[in-house]
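Topology and contacts: notes
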Amino acid sequence: MERLYLDAKYTETIILIFLILEKYKKLVKINSKLFFKRINENWLDQIDHWTSSDHLCINVFGYLKLDKNIVEEVSSWRAAKNFWRRRLSITFFLKHIKGDKEISKLVISQIDFLKNDKNYYVRKALPWMIRTTSDTIEDIVEEYLELNISYFSKTEIREASKKLSEDVQSQLIELYELS
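Residues numbered from 1 in each chain as written. Predicted model: local features only at pLDDT ≥ 70, side-chain atom pairs only at ≥ 80, totals over all residues. Heavy atoms only, no water.

Remarks on the overall build of the protein
Regarding its fold elements, the protein presents twelve helices and zero strands. Here the protein holds 179 residues, and 49% of them are scored as buried. Of the contacts made within the protein by residues no fewer than 6 positions apart, 67% connect residues no fewer than 24 positions apart. A total of about 9,900 Å² of accessible surface is found on the protein, and carbon and sulfur atoms cover 51% of it. (Helix = DSSP H or I, 4+ residues; strand = E, 2+ residues; numbered from the N terminus. Buried < 20%, exposed > 50% of the residue type's maximum accessible area, 1.4 Å probe, protein only. Contact = heavy atoms within 4.5 Å. Areas by Shrake-Rupley, 256 points an atom, 1.4 Å probe, with all protein chains shown as cover.)

Description of the environment of Ile 149
Mapped onto the fold, Ile 149 is located in the loop between helix H10 (138–147) and helix H11 (154–160). What Ile 149 contacts, discounting residues up to four positions off in sequence, is Ile 157, Leu 172, Leu 175, Tyr 176 and Ser 179.

Here we look at the packing of aromatic side chains
Under the definition given, this model contains eleven aromatic pairs. Taking 5.9 Å as the distance between ring centres and 20 degrees as the angle between the ring planes, the aromatic pair formed by Phe 36 and Trp 77 counts as stacked. Remark: Trp 77 occurs in the loop between helix H6 (68–76) and helix H7 (83–91) and Phe 36 occurs in helix H4 (residues 32–43); sequence separation between them is 41 residues. The same class applies to Phe 36 as to Trp 77, namely buried. With a centroid separation of 6.3 Å and 65 degrees between ring planes, the pair formed by Tyr 144 and Phe 152 is classed as edge-to-face. In terms of burial, Tyr 144 and Phe 152 fall into one category: buried. Grouped by ring-pair contacts, the aromatic residues Phe 36, Phe 61, Trp 77, Phe 92 and Phe 93 constitute a single cluster. (Phe/Tyr/Trp six-rings, centres within 6.5 Å; stacked < 30°, edge-to-face > 60°.)

Here we look at the pattern of salt bridges
The full count for this structure, using the stated rule, is 13 salt bridges. In this structure, the salt-bridge partner of Asp 67 is Lys 33, at a minimum N-O distance of 3.6 Å. In this pair, Asp 67 is assigned in the loop between helix H5 (50–59) and H6 and Lys 33 in helix H4, connecting sequence segments 34 residues apart. In this structure Lys 33 comes out as exposed when scored by relative accessible area, which is 57%. (Salt bridge = Lys/Arg side-chain N within 4 Å of Asp/Glu carboxyl O.)

Observations regarding the packing of helix H8 (residues 101–114) against H10
Their axes nearest at 11 Å, the elements H8 and H10 cross at an angle of 10 degrees. Relative to H10, the element H8 lies roughly parallel. The segment H8 lies against H10, with Lys 105, Ile 108, Ile 111 and Asp 112 engaging Ile 140, Val 141 and Tyr 144. (Axes fitted to C-alpha atoms, helices over the stretch in contact; angles between N-to-C directions. Parallel < 35°, antiparallel > 145°, perpendicular 65-115°, else oblique.)

Looking at the side chain of Asp 117
By secondary structure assignment, the location of Asp 117 is in the loop between H8 and helix H9 (120–133). One polar contact links the side chain of Asp 117 to the main-chain amide nitrogen of Asn 119, over a distance of 2.8 Å. Apart from the residues lying within four places of it in its own chain, the contact partners of Asp 117 are Arg 86, Val 122 and Arg 123. (Polar contact = N/O pair within 3.5 Å; in protein donor to acceptor, adjacent residues only side chain to side chain.)

Comments concerning H8
Taking 1.5 Å per residue as the helical rise, H8 with its 14 residues ought to reach 20 Å, and the 20 Å between its terminal C-alpha atoms agrees with that figure. Those residues of H8 hidden inside the fold are in contact with H6, H7, H9 and H10. One side-chain oxygen at the N-terminal end of H8 lies 3.1 Å from the backbone nitrogen of Glu 102; it belongs to Asp 100. (Expected span 1.5 Å × (residues − 1).)

Examining the confidence of the model for the protein
The share of residues in the protein with pLDDT of 70 or more is 89%, and the mean pLDDT across the chain is 89. Per-element mean pLDDT across the protein ranges from 62 in helix H1 (residues 2–7) up to 98 in H9. (pLDDT = per-residue confidence, 0-100.)

A closer look at the nonpolar core
Counting 48 residues, the largest nonpolar core has Phe 61, Phe 92, Phe 93, Ile 111 and Ile 130 as its most contacted members. With six residues, H8 is the single largest residue contributor to this core. Apart from residues no more than four positions distant in its own chain, Phe 93 is found in contact with Leu 66, Val 71, Val 74, Ile 103, Leu 106 and Val 107. (Core = buried A, V, L, I, M, F, W, Y, C linked by side-chain atoms within 4.5 Å.)

Right, dumping it as structure tokens:
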């Protein structure tokens, strides 16, 4: 599987690999530490498209059993030179957020670190992940957006707040326009 991934020339091939890995997710859970280590050392620097990055998070990373070492390693990616790793420092947790307040808070802290990032693909992930965390920690998301409104564009605020009440969405847009 690794040789196939490293030799892949097309995004579709990479996505197929991730779908196969998802199909065998029990193996991924059993060997989470080893599997993560292999991906981190050999696969991540091959990512060159948002599709492969996001499918990796959805179809593979979402099934890893998290431990302290994995969380710390992923958190360190926020300062990476490689912008795909910076993006992955938040999107990695996409499937782990659901109902997990601690992971959701971690994602918000990662976003806070990345809020000045200028890379298009990192910027695109910020409102997506803020919106996703609002299912679990709505009050923290609302407060975070209010306090950090000047770091985001109007479109990013609109996207990040989509799951919040219409009143809160309106207040945030109004606050943005006043800043």
